[in-house]
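Okay, here's what each chain looks like letter by letter:
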Amino acid sequence: MYHVTREIHFCYGHRLLNYDGKCRYLHGHNGKAVITLAAPELDALGMVMDFSRIKRVLNTWIDETLDHKMLLHQDDPVLPLLRQQGEPVYVMNVNPTAENIARHIYDFAAAQGLPVIEVQLWETENCFASYKGKR
Ligand SMILES: [Zn+2]
């Protein structure tokens, strides 16, 4: 099996609902998504997929959807206030943990037809969560 991996850096804010720790407060991260694609055979060019195609599909979506957005659970009580202030929010139906953000990026990549096998979401230099699909 061949693999290619691309890193995409982006900034996001979030807070966790029903969480007893610092992450229950609004705060931000310089995050990094590490997306790995796999294929049993290479294409005619000798690639799993051109890095520039991965960038075009995923960078654009992450830039427009997640970068510099406040990622919040749909039940977060701060949501109406932020919307009223015109703050850019991205609403999730799950707690916006690194695990769930990784899964979210994975699902988008898969829906675009990319042969994704894993997405890691690095929240800090030392901590990441990952989601691996069933392939
Ligand atoms: Zn955090």
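The coordinates are above.
Residues numbered from 1 in each chain as written. Predicted model: local features only at pLDDT ≥ 70, side-chain atom pairs only at ≥ 80, totals over all residues. Heavy atoms only, no water.

Draft legend 1. Structural view of the nonpolar core. Counting 30 residues, the largest nonpolar core has Ile35, Leu37, Ile105 and Leu121 as its most contacted members. Contributions of two or more residues to this core are made by strand 1 (2-14), strand 2 (27-39), helix 1 (51-65), strand 4 (89-92), helix 3 (98-111) and strand 5 (116-122). At 7 residues, the largest contribution of residues to this core is made by helix 3. Residue contacts for leucine 37: discarding those within four places in its chain leaves Tyr2, His3, Val4, Val48, Met49, Ile54, Leu114, Pro115, Val116 and Ile117. (Core = buried A, V, L, I, M, F, W, Y, C linked by side-chain atoms within 4.5 Å. Buried < 20%, exposed > 50% of the residue type's maximum accessible area, 1.4 Å probe, protein only. Helix = DSSP H or I, 4+ residues; strand = E, 2+ residues; numbered from the N terminus. Contact = heavy atoms within 4.5 Å.)

Draft legend 2. Spatial organisation of the side chain of lysine 69. For lysine 69, the location among the structural elements is in strand 3 (residues 69-73). For lysine 69, which is buried and forms no salt bridge, the nearest opposite charge comes from aspartate 67, at a distance of 7.0 Å. Side-chain polar atoms of lysine 69 contact the backbone oxygen of glutamate 64, separated by 3.2 Å. Not counting chain neighbours up to four residues away, the residues in contact with lysine 69 comprise Cys11, Tyr12, Gly13, Asp63, Glu64, Pro88, Val89 and Tyr90. (Lys, Arg positive; Asp, Glu negative; His and termini not counted. Salt bridge = Lys/Arg side-chain N within 4 Å of Asp/Glu carboxyl O. Polar contact = N/O pair within 3.5 Å; in protein donor to acceptor, adjacent residues only side chain to side chain.)

Draft legend 3. Expanded view of the pairing of strand 3. Buried residues dominate strand 3, accounting for 5 of its 5 residues. Covered by surrounding structure in strand 3 are Lys69, Leu71 and His73 together with Met70 and Leu72, the residues of both alternating faces. For strand 1 and strand 3, the ladder comprises 3 bridges, and the chain directions are parallel. Paired with histidine 14 across the two strands is leucine 71, which belongs to strand 3. (Pairing = 2+ DSSP bridges.)

Honestly, it's all geometry; don't read function into it.
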